[in-house]
Amino acid sequence: MTSITLASQANEGGFPLWLAQKLGYFADNNLEVKITYAANGAALLGSGAAGDWQAGWIGSPPAITGYQKFGLITVGTEMHEDKNLKLVMPKSELAKSSPAEILKTGKVGTTTNSTWSQVLYACANKFGVDPSKLNIVPLDSPAVRQALIAGQIQAGTTDSSGDYDLLKGSDKFKIVCNGAQAGISIIDPYVVTPKFANSNPKAAAGFTEAVYRANEYIDAHHSKALDYMQDYYADAGIKGTKAAAEFSMSFRQFPTLDEALKQMKDGSTEKTLKATGQFFVDGGLYKSLPDLSKDIATGLPILKAAQKIHEGR
C-alpha cells in the first residue's frame, strides 16, 4: 500500500474524494489515503508545494496558480460548474428594474479574483452592461449571501454550497444568470503534484482511476450517493441535510473517466482553463497566461493510464 494525503475544499465539491475512500476504490488501487480539508484552494497551495499532499481537488484558479508556481498537474475535470456559479438578485428589485438596470445602478457583491467574478463579468456582458462600470463590493462567499439578505447589495454571485437557505428557504431571490447562460464554461480539475507523478506514476494513475469511479457512482446511484453525503458532511465538518445536498448536487455535473479523457484530448479542458486564466491576466492577477497546453500534455498520460486500470476491472 502507498500512503498519500489528498487535498480538498470543505464543500460538496470534495465529495468524490471522500466517496472513493468510503467505497474502497483507493484501496483497490493499493492506496492508503488521508484527506485534508481547507476552507479554500488557495490555502492548500503552499502545503502542496512543500509535499504535504500528493493529489486532490483545490478549484481551478488555485490549480492554475499551482501549475505556474510548482508544476501542479491537471489530470482531467472533476466537475463542471457552469450552472453552479450564478448571479442572484432580490425579486423586490426585479419588480422595479431589469437585471441590466440593476447591474448599472446597484451594488454587486462578489468574490474578486475568482470564478465567481468571471461569471459576473460574463453575465454583465450578456445583459449588455460594461463589466468595468459595475459597482462591485468585494466580499467572501458567506458575506455575499448575508449582504443580499440584509439588502446591502442589489445583486450577488453565489454557489450552491450555501444557496439552499437563500434560494429554497425563502421566496425573495431569483437566479437571473449562470455561467452556462452567459456562454462560458467553468470546471474544477483533479490534480496531482509533479513529485508524486514522477516518483510513483502507478499510484498517480490509481488515484485518478479511483476518483473517476466515484464520479460514475454519483451519476449511477444518485439517491444512495445523497445518503452517503450525510456521512461526508460529518467527516468534513459541513452542516447540511439531504435536501440541501440534493439541491447543491443538482447544479454540478461530474464527468466519467471516458468523458474527462475525451475533453482532455479534444482541447475543451485546455480551452476552459485558458479562459479562466486569461480572465485573471486581464484582471492583473497573472502577468501572463501560464503554459496550460504543457500542463494538459503532462496530465494526459496519467489519465490514459487510469483508463487502462479502469478497463481492467
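Look above for the structure.
So, here's what we can say about the structure.

So, how was this worked out
Residues numbered from 1 in each chain as written. Predicted model: local features only at pLDDT ≥ 70, side-chain atom pairs only at ≥ 80, totals over all residues. Heavy atoms only, no water. Core = buried A, V, L, I, M, F, W, Y, C linked by side-chain atoms within 4.5 Å. Buried < 20%, exposed > 50% of the residue type's maximum accessible area, 1.4 Å probe, protein only. Helix = DSSP H or I, 4+ residues; strand = E, 2+ residues; numbered from the N terminus. Contact = heavy atoms within 4.5 Å. Pairing = 2+ DSSP bridges. Patch = residues over 30% accessible without salt bridge, like charges linked within 9 Å, V, L, I, M, F, W, Y side chains within 5 Å. Areas by Shrake-Rupley, 256 points an atom, 1.4 Å probe, with all protein chains shown as cover. Salt bridge = Lys/Arg side-chain N within 4 Å of Asp/Glu carboxyl O. Lys, Arg positive; Asp, Glu negative; His and termini not counted. Charge placed at Lys NZ, Arg CZ, Asp CG, Glu CD. Phe/Tyr/Trp six-rings, centres within 6.5 Å; stacked < 30°, edge-to-face > 60°. Lys NZ or Arg CZ within 6 Å of the ring centre and 35° of its normal.

Of all hydrophobic cores here, the largest spans 59 residues; its most connected members are L6, F15, F26, V192 and F207. For this core, the element with the highest residue contribution is helix α11 (residues 201-220), accounting for nine residues. Contacts of F26, omitting those with residues within four sequence positions, involve L6, L17, A20, Q21, L31, V33, F207, A210 and V211. One finds L87, V88, L120 and L148 within the second-largest nonpolar core, a separate group that totals 30 residues.

Side chains A155 and T157 of strand β8 (residues 155-158) all project onto a buried face; the interleaved residues G156 and T158 project onto the opposite face, where all are buried too. Looking at chain direction, strand β5 (residues 86-90) and β8 are connected through three bridges and run antiparallel. Each bridged residue has a counterpart across the sheet, and for V88 the counterpart in β8 is G156.

Glancing now at a negative patch on the surface. Taken together, the side chains of D219, D258, E259 and E311 make up a negatively charged region of the molecular surface. Examined against the element boundaries, E311 turns out to sit in helix α16 (residues 292-311). A relative accessible area of 59% places E311 in the exposed class.

With that out of the way, let us pick up the side chain of E78. For E78, the location among the structural elements is in strand β4 (residues 73-80). One buried charged residue, E78, remains without a salt bridge, the closest side chain of opposite sign being R252 at 6.8 Å. If we skip the residues at most four places from it in the chain, E78 touches G13, P16, L17, W57, D188, P189, Y190, Y212, N215, Q253, F254 and P255.

Considering all chains together, one arrives at 15 aromatic pairs under this definition. Pairing F26 with F207 gives two aromatic rings, centres 6.2 Å apart and planes at 5°, and the pair type is stacked. Of this pair, F26 sits in helix α2 (residues 25-28) while F207 sits in helix α11, placing them 181 residues apart in sequence. Judged by relative accessible area, F26 falls into the buried class, the value being 2%. One aromatic cluster is present, formed by F15, W18, Y37, Y217, Y228, Y232 and Y233 through successive ring pairs. The lysine or arginine in question, K86, covers the ring of F251, its NZ or CZ lying 4.2 Å from the ring centre. Sitting above the plane of the Y228 ring, K224 keeps its charged end 5.0 Å from the centroid.

None of the figures reported here should be taken as evidence of function without further support.
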